[in-house]
Structure formats: C-alpha cells, structure tokens
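If you want the building blocks of each chain, they are given just below.
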Amino acid sequence: MQGGRRIIRMYAEPIELQDERFGVMFVSRDITKEIEIDRLKTELVATVSHELRTPLTSILGFTELLEHRHVDEEKQMRYLSMIHNETTRLERLVSNLLDVQKIESGHAQQDFKVESLFELLSDILEIHAGSTELHAFHFDCDETIRVSGDPAQLRQVFSNILNNAIKYSPDGGNIAVNVSCDDDVIRIAIEDEGMGVAPADAERLFEKFYRVQNEQSRNIGGTGLGLAICKEIIESHGGTISVCSELGNGTTMTVELPIVA
Ligand SMILES: Nc1ncnc2c1ncn2[C@@H]1O[C@H](COP(=O)(O)OP(=O)(O)O)[C@@H](O)[C@H]1O
Ligand SMILES: [Mg+2]
C-alpha cells in the first residue's frame, strides 16, 4: 500500500418512515485492503502464467525434438542447455514464491552472524561478473567493515540487486558497488547504467509482483518478487532499501544496514 493513502467506498441510502423522508444514511467502508488483495491476485495470475508457461512450452518443445528427431550432437547439447535454462527459471519462480510465503508467515528462520561485508560482496560479485561479458564491475569497500545479519539472506539480497543491475542493462555498461559508513549506518550503493525506471514505477518496485511494463523490459523475464523479498529481509535486519533512477539513465539501489559496534 502506498504512502498511507486509503480507498474508501461510500454508500448513501435514504431513510424513510411511512413515506416521509427522515434523512440520509451514509456508510463508508475502508476497502484499501480488498483492492490491494485484488491487485495481488491479478498480478500473481499474470506472473505465474507467464513465468510458468513460457519455460514449460520450451521444455516441452525441446524434449519432443530430442525424442522424435534425429539431431546431431551439437544440437543435442544446445537443446539440453535451453532445457536447463528454462528449468532454472521455473525453479527460481517456485523458490521466490516459497520465500515470500515463508517471510510473510514469519517462518523464515534467521541465523544472525557477524561477518566481513567485503568478503560477502566480493563472493557475490565474482559469481555475477562471471555471468556476463558486457559489463564492467567496480567495487569499493573498506576491508574492515563487518555486517551483522543472516548470511544466506544478505547474499540473496545482493544477488538479486546485482542480477537486476545486469538484467536491466542489456546493452552492458559499468556496474559499481560502493560501500560507505557514517556514524550509524553502512551504506551499500549498487549503480548501473541500464534502462532505468520512471518516477511512477520507482515508487512501486518493492511491491510484490510489480514489474515495469514497457517496450524494453517486456522481453526480460522475472517474477516481480525479488525486490519485495529484499525489502522484507533488509527491514528485518533493521535497515532500509531505496531506489534512485531515471528512465533511460541507469539505476542506483541503496541498502542501509545498522553499523556493527
Ligand atoms: N536495476 C534496475 N534497472 C531497471 N529496472 C529495474 C532494476 N531493478 C529492478 N527493476 C524493475 O523492478 C521490477 C521488480 O524487480 P524484481 O522485484 O527484482 O523483479 P523481477 O526482476 O523478477 O522482475 C523489475 O521487473 C524491473 O522492471
Ligand atoms: Mg529481480
């Protein structure tokens, strides 16, 4: 729900007694929650059907080709790799859905540890840097900074942000991860030079299932759950996550976490 704005439905009914009008009764009902649930339902159906059907159709198609046609070894490998990619996409959808469910029901177990932020981010950066040849990565972080949190969850947050930075800058460019500290917070800024988002979209990126629908982003797959999961995780660590972006001009995601004394 955005900025505390509420949606109220009003009914007006005349009150009459023996054909005489006594007055009008007004009933106002807060339907904010109902509207939100309705939106989630619509977007869930749209996302799940797209994210499920697209990979399923490919998997079905390629397995049929492998089964019924004689294909040379090179093609076999190509088809198998497509099947593998599409299966990964399905797996991601299912685990995203399970994560959201787990976090929302309060069943996500957290195992807090204090660890080196430098090492945590270097690991994730290395994995992502290996997945693209179009992007140049820059990393600036003091090696002594430590962070307190659930290591698996924090990894999930930064992986998703980096994954987005790569995915939504399909033409490549620089991706910079800059870490700074002040008295109370550690600030981790992840900046890309990709497609960016318009202000109206930026406000909604952290909503479940929200995905920007425009010419450029339409062909990029996703569930719209990644940033909603990031927000839940970061807030459960006493931190904040925010976006600064300009359409066509790149995006900066900023995570702030409490400093470790
Ligand atoms: N770095 C980015 N640059 C441009 N758009 C982004 C970026 N990160 C996220 N977005 C937009 O925010 C939406 C929600 O992101 P996310 O919750 O991770 O879902 P997903 O990546 O599965 O679509 C994306 O669909 C995309 O439109
Ligand atoms: Mg994502």
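Shown above is the structure to which this text applies.
Presented here is an overview of the structure given in this document. Since we're looking at a predicted model, the values are computed, not measured. (Residues numbered from 1 in each chain as written. Chains lettered and ligands numbered in written order. Predicted model: local features only at pLDDT ≥ 70, side-chain atom pairs only at ≥ 80, totals over all residues. Heavy atoms only, no water.)

It is worth spelling out the overall build of the chain at this point. Secondary structure summary: the chain contains six helices and nine strands in total. A compact globule built from 261 residues should have a C-alpha radius of gyration of about 18 Å, whereas the chain, at 23 Å, is more than 25% larger. Principal-axis analysis of the C-alpha atoms places the extent of the chain at approximately 85 × 65 × 40 Å. In the chain, 67% of the contacts between residues at least 6 apart in sequence involve partners at least 24 apart. Roughly 16,000 Å² of accessible area belongs to the chain as shown, and the carbon and sulfur atoms make up 52% of that amount. For the chain, the separation between the mean place of its 25 positive charges and that of its 44 negative charges on side chains is 7 Å. (Helix = DSSP H or I, 4+ residues; strand = E, 2+ residues; numbered from the N terminus. Rg over C-alpha atoms; globule rule 2.2 N^0.38 Å. Contact = heavy atoms within 4.5 Å. Areas by Shrake-Rupley, 256 points an atom, 1.4 Å probe, with all protein chains shown as cover. Lys, Arg positive; Asp, Glu negative; His and termini not counted. Charge placed at Lys NZ, Arg CZ, Asp CG, Glu CD.)

Now for the packing of helix H3 (residues 117–129) against helix H4 (residues 151–167). A pair of packed helices is characterised by two quantities: the angle between their axes and the separation of those axes. At their nearest, the axes of H3 and H4 sit 10 Å apart, and the two run at 40° to each other. At the point where H3 passes H4, the crossing takes the right-handed sense. Of the residues in H4, those in contact with Leu120, Leu121, Asp123, Ile124, Leu125 and His128 of H3 are Leu154, Arg155, Phe158, Ser159, Leu162, Asn163 and Ile166. Partitioning the contact of H3 with H4 into residue classes produces eight nonpolar, three polar and two charged. (Axes fitted to C-alpha atoms, helices over the stretch in contact; angles between N-to-C directions. Left-handed = near helix turned anticlockwise from the far one by under 90°. Nonpolar A, V, L, I, M, F, W, Y, C, P; charged D, E, K, R; others polar.)

With that settled, consider the packing of aromatic side chains. The way to describe two aromatic rings as a pair is by their centre distance and the angle between their planes. Considering all chains together, one arrives at two aromatic pairs under this definition. On the numbers, 5.1 Å between centres and 35° between planes, the contact of Phe62 with Tyr79 is tilted. Taken as a pair, Phe62 in helix H1 (residues 32–68) and Tyr79 in helix H2 (residues 73–104) lie far apart in primary sequence, 17 residues in all. For Phe62, a relative accessible area of 18% corresponds to the buried category. Judged by centre distance (5.4 Å) and plane angle (20°), the rings of Phe118 and Phe139 are stacked. Placement of Phe118 in helix H3 and of Phe139 in strand S4 (residues 135–140) is noted, with a sequence separation of 21 residues between them. By relative accessible area, which is 23% here, Phe118 ends up partly exposed. Judged by relative accessible area, which is 30%, Phe139 ranks as partly exposed. (Phe/Tyr/Trp six-rings, centres within 6.5 Å; stacked < 30°, edge-to-face > 60°. Buried < 20%, exposed > 50% of the residue type's maximum accessible area, 1.4 Å probe, protein only.)

One finds Phe158, Ile188 and Ile190 to be the most contacted residues of the largest nonpolar core, which totals 41 residues. Of all the elements in the fold, those that place two or more residues in this core are H2, H3, H4, strand S6 (173–181), strand S7 (185–192), helix H6 (226–236) and strand S9 (251–258). In terms of residues, this core owes the most to one element, H4, which gives seven residues. The residues that make up this core include at least three from each of domain 1 (1–108) and domain 2 (113–258). If sequence neighbours within four positions are ignored, Ile190 has contacts with Phe158, Ile161, Leu162, Ala165, Ile175, Ala176, Val177, Thr251, Thr252 and Met253. The next biggest cluster of nonpolar side chains, apart from the first, holds six residues, and it includes Ile59, Phe62, Val71 and Leu90. (Core = buried A, V, L, I, M, F, W, Y, C linked by side-chain atoms within 4.5 Å. Domains from an automatic or database assignment.)

Burial in H6 covers these residues: Gly226, Leu227, Ala228, Ile229, Cys230, Ile233 and Ile234. For H6, the elements touching its buried residues are H2, H4, strand S8 (240–245) and S9. Just downstream of H6 lies Gly238, where phi reads positive at about 75°.

We now examine a negative patch on the surface. Taken together, Glu119, Asp140, Asp142 and Glu143 make up a surface patch of like negative charges. For Glu143, the position within the fold is in the loop between S4 and strand S5 (146–149). (Patch = residues over 30% accessible without salt bridge, like charges linked within 9 Å, V, L, I, M, F, W, Y side chains within 5 Å. Salt bridge = Lys/Arg side-chain N within 4 Å of Asp/Glu carboxyl O.)

Moving on: the pattern of salt bridges. Under the counting rule described, the total for this entry stands at 17 salt bridges. The salt bridge involving Arg6 is made with Asp30; its shortest N-O contact spans 3.0 Å. Note that Arg6 is positioned in the segment before strand S1 (8–17) and Asp30 in strand S2 (residues 20–30), a separation of 24 residues in sequence. Here Arg204 and Glu207 are joined by a salt bridge, their closest N and O atoms 3.0 Å apart. Residue class for Glu207 comes out buried when judged on its relative accessible area of 13%. Among the charged side chains, a salt-bridge network with shared partners connects Glu36, Arg39, Glu43, Arg204 and Glu207.

For the rest of this paragraph, the subject is the site of ligand 1. Around ligand 1 lies a shell of 18 residues, among which Asn164, Asp192, Arg211, Thr223 and Leu227 are the nearest. Note that an oxygen atom of ligand 1 is positioned 2.9 Å from one of the side-chain N or O atoms of Asn164. Taking Gly226, its main chain carries an N or O atom lying 3.2 Å from an oxygen atom of ligand 1. Relative to its free-state accessible area of 530 Å², ligand 1 is covered by the protein chains to the extent of 97%. The element that contributes the greatest number of residues to the shell around ligand 1 is H4, accounting for four residues. (Near = heavy atom within 4 Å. Polar contact = N/O pair within 3.5 Å; in protein donor to acceptor, adjacent residues only side chain to side chain.)

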